[in-house]
Structures are given as structure tokens and as C-alpha cells.
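Below are the chains, spelled out letter by letter.
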Amino acid sequence: MRWKRRFEGLDILVAERGSSLLATAVLLTGSRAGGEDLVQGALERLMRHWHRVHGDKEGYLRRTLYNLAVDQWRSRRRRPEVLTAVEPPGQPDGTDALHLRQALVQALATLPPRQRAVLVLRYWEQCTEAEAAEILGCSIGTVKSTASRGLTRLREVTAAWTVDNVPASNGVKR
Amino acid sequence: MTNDIEEQLTSGMRQEVAGVAFGSDVLGAATRRHGRRVALQRTSYAAGVVGLVGALAAAVLIGGPGASTPGGDPAASASDSSSPSATGDTPQLQLASAVTASENVSYRLKITTGSKEDPNAWGTAEGAWDPARSTGWLTTQNPGGVGYYQRMVDGTFYVGSSGSTTWKQEPNNGNLEYADALGGATGASADPKELFAALREANAKVTKTGARTYHFESTRTYDDKYAAGTRTLVGDVTVGADGRIAKVSYLATDTSRVKPGVKSPKAGLTLKSDHRLTLQLSDYGVPVRVERPKNVIVAR
């Protein structure tokens with residue numbers, strides 16, 4: 001009861017919105033285990049600042065996910081970034097679109113954290129550039145240039161793919 | 001191509017996380033880590049119940065010649081030197097003797113915590129511990145119905161909770177996390193090892209209230225980098241027929257003032273807190289067998 005009084009509503013928030021938060025965290029970290037750790041870190045931060053967070057607690061958690069993802073990676077030793085081109089299968093077999101998407105998500109996990117965060121905000125959360133800038137605490141110009149660099153690198157990774165073979169209709173237009 | 005790759009990326013992300021769900025109790029883990037942080041803060045501010053750990057650790061005869069073998073006869077191993085009824089000893093020495101007989105041997109335990117007004121308000125924890133093998137378990141049942149489980153197998157620490165199919169293996173110092181189990185409510189004071197140390201404390205005033213019961217009062221001042229204050233423990237101890245500690249109950253009160261320059265809690269604040277704790281120890285010498293959990297995620 002004591003816990004319930006202290007963090008009233010948090011269990012319901014996690015039950016109802018946890019999967020959505022986890023999905024974002026998985027994309028930011030590249031793995032489910034990493035995503036769970038990230039959500040846990042965001043929850044701890046929310047508990048620590050519980051009395052200072054008024055109103056939208058999910059929004060606070062989501063912003064914290066992005067900031068932790070960028071900060072945690074910044075604080076670690078920088079990993080060598082090796083982008084390996086992903087070769088498409090020799091013969092089109094109807095699963096090319098699936099493979100390309102997998103290749104893109106794999107390549108996303110190799111990007112620097114800020115580029116990854118911007119791309120997740122723009123193409124998963126469907127945030128505008130202004131919204132992404134507000135969440136990351138940077139300028140709209142930075143979001144634009146970071147997104148552009150990220151997409152360029154993804155394009156390099158999947159350069160061998162013939163995009164004409166891929167049905168664009170599976171994507172969702174923004 | 002730009003639009004195509006953006007669309008494929010969006011679709012790929014959706015594909016990647018479709019149906020993703022937690023494989024472990026993330027909220028429970030966050031709560032425990034938060035509780036641990038709070039406990040650590042409290043320990044820093046108030047020097048714990050016993051804050052004596054450093055000062056008295058040398059007196060704790062871990063693995064010493066009096067250690068019993070799990071499954072051995074606790075009464076036999078305690079009877080030669082640990083009876084509180086030894087004549088001529090002061091109550092303090094008698095209690096110290098019972099403490100010595102209680103250390104380094106396995107036992108079952110039950111902890112109940114609460115506030116000054118409601119001694120049961122914060123939950124109970126039950127378990128068993130074998131100090132010689134760093135093996136044991138602790139199950140906490142909180143008033144809200146959520147169970148938290150700790151297992152230690154040969155010094156490797158696992159935590160789990162009701163509603164979760166996975167366990168986490170976490171870094172640990174080789175002891176069950178008593179403060180953690182009880183939401184950080186008790187600092188380190190629920191750990192029998194530290195309670196034993198507290199009962200040995202030189203400045204504790206111990207009086208004998210019955211054939212095997214003692215009353216103790218202890219006041220400590222502290223002054224660390226975060227706060228300066230006073231911690232008072234008032235409680236009772238019952239020694240079992242085997243000469244070992246059977247029950248300790250106390251009320252701890254703490255008053256401190258946060259020092260200038262400390263950001264959280266705010267400098268200048270006067271902090272007051274209290275908690276009640278009852279620790280029951282039984283079945284000394286019991287064999288403690290703990291199964292290593294399956295489906296474990298190793299935490300960084």
C-alpha cells in the first residue's frame with residue numbers, strides 16, 4: 001500500500017503503455033534485453049523525480065528513454081562503427097522487401113546514438129522535426145542534418161538493393 | 001529512393017517490434033533499484049541502524065572456530081560457551097555470548113517491518129541463510145500482493161518477482177539484500193549479521209528483563225559528508241533455549257540535518273524518520289538448499 005501511495009498509477013501506466021515504451025527502447029538499443037534495461041532506467045528516474053513530474057508521466061518516460069539512450073552511449077567508450085553492406089539475395093523470391101527492412105533495422109542499430117534517436121523519433125514515433133528537436137533538446141537544424149546523415153548511411157548499407165523490386169506500398173506514408 | 005528508404009525503414013521498425021513484450025518484471029526491478037538507492041542514501045545520511053559495520057566487522061568471527069556445520073546440532077555447538085545464563089557475566093556480555101553463538105551458522109528468518117504506529121504496515125519477508133556457503137533465499141510479500149524473490153546460490157545473486165517468468169542475475173556483495181526486500185524501509189538494519197553487530201555495540205545499554213530476555217537502548221551521533229544527526233535504537237531481544245538469538249524487535253528513530261552544499265535532499269532540511277522491525281530467527285543449523293533459477297537474464 002505504501003508503494004501504491006508513493007507511485008500511484010505507475011503500475012497501470014506500465015501495464016497499459018509498457019509495450020509501446022519497450023518498442024521504442026528496443027529500437028533505440030537494438031535488442032530486447034537492452035530495451036528492458038533502458039525502460040527500467042527511465043522508470044527509476046521517474047521514481048526519483050516523482051513529485052516533480054506533474055501531468056504527462058508517459059511523456060516524461062518517453063523523453064527520458066531518448067535522453068538516456070543518447071547519454072548512456074555517449075558515456076561509454078565509443079565503439080568502432082563498421083558499416084557492412086548487406087547483400088540482397090541473388091534471385092528475387094518475393095521476400096526482398098522483408099529482407100531489406102530487416103537490413104535497415106540492423107543497420108539502424110549500428111548508427112551513432114543520436115542519429116538513431118532522431119530516426120526513431122521521425123520514422124517510428126512520426127514526430128515532426130520540431131517535436132524531435134524539443135525531445136532531444138537541440139535545434140530543428142540539428143535534427144534535419146542528423147536525420148540526413150543517418151539516412152545517408154542507411155542508404156550506403158543497402159546500396160546493393162534494387163529498390164524498384166521493393167513494393168513501397170507496405171510502408172506507411174507520413 | 002529517399003522516400004522509399006524512409007518508408008521501408010518505418011515498415012522495418014514496425015516489423016521489428018511487432019508484439020514485443022516484457023520478458024521480465026521491469027517495474028519490479030526498477031522499484032528494487034530505487035529502493036536500494038533510497039536505502040543507500042539513508043545509510044549515508046543516518047549511518048544505518050547500525051552503521052557499525054565497519055567498526056565492528058572485526059569482531060564478527062566469520063568462519064571462525066565456533067562455526068557450525070549446516071545440519072549439525074545447533075544446541076550442542078552453542079551449549080559450551082554461549083549460554084546467556086552463565087553466571088557472573090553482565091547482561092551485555094551474556095547478550096554478546098548469545099550473538100557469538102548465533103553467527104556463522106545457518107538459520108531460518110522472518111522479518112516484519114512497519115512504522116511506529118503500525119508495526120506490520122510495510123510487509124514481511126521470510127527466508128533462510130547459510131553464511132558459510134553464501135547460499136539462501138528471501139521472499140517478500142508486500143501488502144499490495146506483489147512477491148519479490150531473492151536467491152543466492154554460492155554467492156551468485158538472483159532476483160525475481162511474481163508475475164514474471166524470468167529472473168535477473170545481479171551484481172551483489174555476497175549477502176541477501178534485506179533493505180531492498182523491504183522497499184528500502186529499513187536500511188541495512190534487517191540483516192541479521194548487522195543486527196548482531198549492533199547488539200555487540202559497546203555503548204548500548206543492556207538490561208536483563210527475564211531469564212532469556214534483554215532490553216537494549218543505543219544512541220549514536222554521526223556526522224558525515226551529507227548530514228549530521230542522531231540515531232536511537234530501543235528494543236528487546238529474546239534468546240532461545242539453545243543459547244542463540246531467537247527474536248530481536250526494535251524501534252529506530254533518526255533525526256538529522258542535511259549539510260550545506262547537498263542538493264538532494266535540500267541542504268538545511270531536518271529529516272526525521274522511524275521504523276519498527278522484528279526479526280525472528282529459528283532452526284539454527286538447518287540445511288539450506290537453494291535451486292539455481294532457470295531462465296535468467298544477466299544484468300550488466
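Residues numbered from 1 in each chain as written. Chains lettered and ligands numbered in written order. Predicted model: local features only at pLDDT ≥ 70, side-chain atom pairs only at ≥ 80, totals over all residues.

Within chain A one finds eight helices and zero strands. The helix and strand sequence of chain A, counted from the amino end, reads α-α-α-α-α-α-α-α. Within chain A, the proportion of its 174 residues that are buried is 37%. For chain A, restricting intrachain contacts to residue pairs at least 6 apart in sequence, the fraction spanning at least 24 positions comes to 66%. (Helix = DSSP H or I, 4+ residues; strand = E, 2+ residues; numbered from the N terminus. Buried ≥ 20, exposed ≤ 12 C-beta atoms within 10 Å, placed from the backbone. Contact = placed C-beta atoms within 7 Å.)

A few words on the overall build of chain B. Scanning chain B for helices and strands turns up seven helices and twelve strands. Counting every position in chain B, which comprises 300 residues, the buried fraction comes to 48%.

Before going further, it helps to spend a moment on the confidence of the model for chain B. Residues and elements named next belong to chain B. Residue-level pLDDT values for chain B average 72, and 68% of them are 70 or greater. Per-residue pLDDT, averaged within each element of chain B, yields its smallest value for helix α3 (residues 53–56) (28) and its largest for strand β7 (residues 205–208) (89). Predicted confidence is poor over residues 40–87, with pLDDT under 50, and the contacts of this stretch with residues over four places away or in other chains come to 107 contacts. Counting interchain partners and residues more than four positions distant, the pLDDT-below-50 stretch residues 182–188 has 37 contacts. Per the prediction output, this complex has pTM 0.49; the corresponding ipTM is 0.80. (pLDDT = per-residue confidence, 0-100.)

So, about helix α6 (residues 113–123) of chain A. Within α6 of chain A, ten of the eleven residues are buried, leaving the element largely enclosed by the surrounding structure. Within α6 of chain A, the full set of buried residues consists of Arg114, Gln115, Arg116, Ala117, Val118, Leu119, Val120, Leu121, Arg122 and Tyr123 of chain A.

This part covers unusual backbone geometry. Residues and elements named next belong to chain B. Residues other than glycine seldom take positive phi values, yet Asp154 does so here, at roughly 50°. Among the secondary structure elements, Asp154 is positioned in the loop between β4 (147–153) and β5 (156–161). Positive phi is not limited to glycine here, since Asn295 has a value of about 55°. In this structure, Asn295 sits in the loop between β11 (270–282) and β12 (296–298).

Moving on, we come to the nonpolar core. Leu65 and Ala117 of chain A are the most contacted members of the largest nonpolar core, which totals 53 residues. When residues in this core are grouped by element, the largest group, nine residues, is from helix α2 (residues 10–29) of chain A. Residues Val159, Phe216, Leu281 and Tyr284 of chain B belong to the second largest nonpolar core, which totals 38 residues. (Core = buried A, V, L, I, M, F, W, Y, C linked by C-beta atoms within 7 Å.)

Here we come to the environment of Ala147 of chain A. All names here are of chain A. When you line up the elements, Ala147 lands in helix α8 (residues 140–157). Given 19 C-beta atoms within 10 Å, Ala147 falls into the partly exposed group. Taking the C-alpha atoms as reference points, Ala147 and Val118, 29 residues apart in sequence, are found 6.0 Å from one another. Those residues in contact with Ala147 that sit more than four places away from it in its chain are Val118, Leu119 and Arg122.

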